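Structural overview for review
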Amino acid sequence: MAPVSEQPEPQGEGDPAAIPLPGPAAVGEPRRENGGEWCPGSGSPAALGDENGAQPRAAAEAPGSAGPEPPEGGWGWVVMLAAMWCNGAVFGIQNSCGVLFVSMLQLFGGGEDKQMAFKTAWVGSLSMGMVFFCSPIVSVFTDLFGCRKVAVIGAAVGFAGLLSSSFVSTIEPLYFTYGVLFACGCSFAYQPSLVILGHYFKKRLGLVNGIVTAGSSLFTVSLPFLLRVLIDSVGLFNTLRVLCILMFILFLAGFTYKPLVSNAKDEEGGKKGKFKFPPEKKICNFSVFKVPSYRIWAIGIPAALFGYFVPYVHLMNHVKDRFGDSVPEEVLLLCLGITSGVGRLIFGRVADYIPGAKKVYLQVASFFFIGLMSMMIPLCHVFGGLIAVCLLMGLFDGCFICIMAPIAFELVGAQDVSQAIGFLLGLMSVPMTVGPPIAGLLRDRLGTYDVAFYLAGVPPLIGGAILCFIPWVHERQKLKEREKPADRETTEKMLENESTLALDTTEKPVKEMESGF
């Protein structure tokens, strides 16, 4: 699966479909971090603003209130390469969980355990789910402590989790070492890598983010083949130790996230480095849930994802069950990775020509085809048919991912978009974690993945149907907002007329009395 967190900056500052969304931490507005460090916007709870954490646009645009102009290069190119490595390493390993799943099943599985597929599936699904579950938390820590500290500590935690996973003797410890510790480290390392990009680039931010997100596709395409060679030659545990090299490089890459410092702001802020914990209301801004169209979106997307991650975890084992060792199952992940990248480029551009909340219809179409392709997997008795299914699934997977941020901007606006995406990613973690183990349980009970893949295609269809209501609700919401100012003007005019009549009625008796005298 390609990274779900890809977010563009607000319209008018760049191409909305080309910029990654880091969950709740990358919006194009500058923000001040503790110690005088400034990072590009987080819709941040720590930013200056009203009680809900929203920063007034007038204040953001006032002279002297904006951060320093991005250098559009220089050290920023090094930061870009570091962020690209981060994107690739984190999601390359996560997306290759199908290869690791087969190896874990063979290593820890025994003839006596009838639920081994169910138990093993929890490792990969828990890991991917935790990456998204931590998303709202990571944004808060990034606001409080800065991009560099959070990224470095996150990479160190991920390294420790992956290394400790290579010393287990049973499947159960992997739930914590790989599913929780490694995944949390990945989440904390990943989001700051996207936040820092807007610190160094503005005009070229779309290009830079496109290059960075390409890291995910490159690693997803190449890593499964490397993992297969390593597992066959040195075994699973030594393979995990080799993957620790990627996390160590990611640890070093975090030190390149040098924030730019605004001297004027430092002088206004007083002592540099003084930590001030922001009010609770500014840490978590729940006002986005007051938007009806966003509430529907926050229900429909998670509902669609109960079956979304099932093919990424179980497809490799399904191919082995059906075709044995006669086919290179890693080719399927290659197809998913390539067409997902192509889909992001194509549909991201298409979304620019679709006005307003009607962009949601692209996600509806994406979920329809993803659900349909999941149901087609058991019907493919020829390996070439599975390749065709994976090509189409990857294409619409890229479509679903690339338009999440533009839709969020349309529904809640630029000021609240980072918090809105963060909450959504947190909600997404639940179905993405639960779906694959249920599919593994069905495989253990029925001896085949057919029913699991059929059922995995149902939630995307249901979620897509829920999303169909968003454009209609959003238009009604906008219409009500337009009517409010008109009602205010009408009320003001009525009050003015009443006051004028009152003055006239008081002036007439006075004039009559004066004329009588």
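These numbers were taken from a predicted model, which means no experiment stands behind them.

Here we take up the pattern of salt bridges. Applying the stated criterion across every chain, the model contains four salt bridges. One salt bridge connects D232 with R228, and the closest N-O pair in it is separated by 3.5 Å. On the criterion of helical spacing, the pair formed by D232 and R228 is a turn pair, its members being four residues apart in helix α9 (residues 205-234). Between D450 and R322 there is a salt bridge; the shortest N-O distance is 3.2 Å.

The next subject is the packing of helix α16 (residues 360-376) against helix α21 (residues 458-467). It is at 7 Å that the axes of α16 and α21 come closest, and there the two elements cross at 165°. In terms of axis orientation, α16 runs roughly antiparallel to α21. Handedness of the α16/α21 crossing: left-handed. Counted together, V360, Q363, V364, F367, F368, G371 and M375 of α16 and V458, P460, L461, G464 and L467 of α21 form the full contact between these two elements. Partitioning the contact of α16 with α21 into residue classes produces nine nonpolar, three polar and no charged.

With that out of the way, let us pick up the nonpolar core. Counting 131 residues, the largest nonpolar core has Y294, W297, I301, L315 and L386 as the members making the most contacts within it. Here the element with the most residues in this core is helix α7 (residues 172-195); it accounts for eleven residues. Each residue touching L386, except ones within four places of it in the same chain, is listed here: L315, V319, F323, L332, I377 and C380.

On the surface, a cluster of nonpolar side chains totalling about 500 Å² of accessible area is made up of F368, L372, M376, L379, Y454 and L461. Sort the elements by how many residues they give to the nonpolar patch and α16 lands first, with three residues. Checked against the element boundaries, L372 lands in helix α16. Relative accessible area serves as the criterion here: at 33%, L372 is assigned to the partly exposed category.

Two aromatic rings, taken as a pair, are described by how far apart their centres are and by the angle between their planes. Summed over all chains, the structure comprises 20 aromatic pairs. Judged by centre distance (6.0 Å) and plane angle (80°), the rings of F323 and F383 are edge-to-face. Taken as a pair, F323 in helix α14 (residues 310-323) and F383 in helix α17 (residues 383-402) lie far apart in primary sequence, 60 residues in all. Residue class for F323 comes out buried when judged on its relative accessible area of 17%. The class for F383 is buried, based on a relative accessible area of 13%. Clustering of aromatic rings is evident, with ring pairs tying together Y308, F309, Y312, F367 and F400.

So, on to the environment of L163. With respect to the element layout, L163 can be found in helix α6 (residues 147-165). Note: C-alpha distance between L163 and C244 (81 residues apart in sequence) is 6.3 Å.

Further remarks concern α14. Over its 14 residues, α14 runs 19 Å from end to end, which matches the ideal 20 Å to within 8%, given 1.5 Å per residue. At M316, α14 shows its maximal kink, close to 30°. All of the buried residues along α14 are V310, P311, Y312, V313, H314, L315, M316, N317, H318, V319, K320 and F323.

So, on to the confidence of the model for the protein chain. Of the residues in the protein chain, 71% reach a pLDDT of 70 or more, and the chain-wide mean stands at 74. Note that pLDDT drops below 50 for residues 2-66; the model gives that stretch 238 contacts with residues more than four away or on any other chain. Here residues 262-273 is modelled with pLDDT under 50, and outside its nearest four sequence neighbours on either side it reaches 13 contacts, counting other chains as well.

In this section: the side chain of Q363. Topologically, Q363 is positioned in helix α16. Only 3.1 Å separates the side chain of Q363 from the side chain of W297, close enough to count as a polar contact. The residues contacting Q363, other than those within four sequence positions of it, are W297, I301, F400, I403, M404, I407 and L467.

We now examine helix α4 (residues 116-133). A rise of 1.5 Å per residue sets the reference length of α4, with its 18 residues, at 26 Å; its end C-alpha atoms lie 25 Å apart and thus fit the reference within 8%. W122 marks the point of greatest bend in α4, at about 25°. With 14 of its 18 residues buried, α4 lies for the most part within the structure.

Structurally, P460 can be placed in helix α21. For P460, a relative accessible area of 1% translates into the label buried. When the C-alpha atoms of P460 and G307 are compared, they prove to be 7.0 Å apart, with 153 residues separating the residues in sequence. Ignoring sequence-local partners within four residues, the contact set of P460 consists of A304, F367 and G371.

Reading guide: rules and limits
Residues numbered from 1 in each chain as written. Predicted model: local features only at pLDDT ≥ 70, side-chain atom pairs only at ≥ 80, totals over all residues. Heavy atoms only, no water. Salt bridge = Lys/Arg side-chain N within 4 Å of Asp/Glu carboxyl O. Helix = DSSP H or I, 4+ residues; strand = E, 2+ residues; numbered from the N terminus. Axes fitted to C-alpha atoms, helices over the stretch in contact; angles between N-to-C directions. Parallel < 35°, antiparallel > 145°, perpendicular 65-115°, else oblique. Left-handed = near helix turned anticlockwise from the far one by under 90°. Contact = heavy atoms within 4.5 Å. Nonpolar A, V, L, I, M, F, W, Y, C, P; charged D, E, K, R; others polar. Core = buried A, V, L, I, M, F, W, Y, C linked by side-chain atoms within 4.5 Å. Buried < 20%, exposed > 50% of the residue type's maximum accessible area, 1.4 Å probe, protein only. Patch = residues over 30% accessible without salt bridge, like charges linked within 9 Å, V, L, I, M, F, W, Y side chains within 5 Å. Areas by Shrake-Rupley, 256 points an atom, 1.4 Å probe, with all protein chains shown as cover. Phe/Tyr/Trp six-rings, centres within 6.5 Å; stacked < 30°, edge-to-face > 60°. Expected span 1.5 Å × (residues − 1). Bend = angle between axes of the 7 residues up to and from the residue. pLDDT = per-residue confidence, 0-100. Polar contact = N/O pair within 3.5 Å; in protein donor to acceptor, adjacent residues only side chain to side chain.

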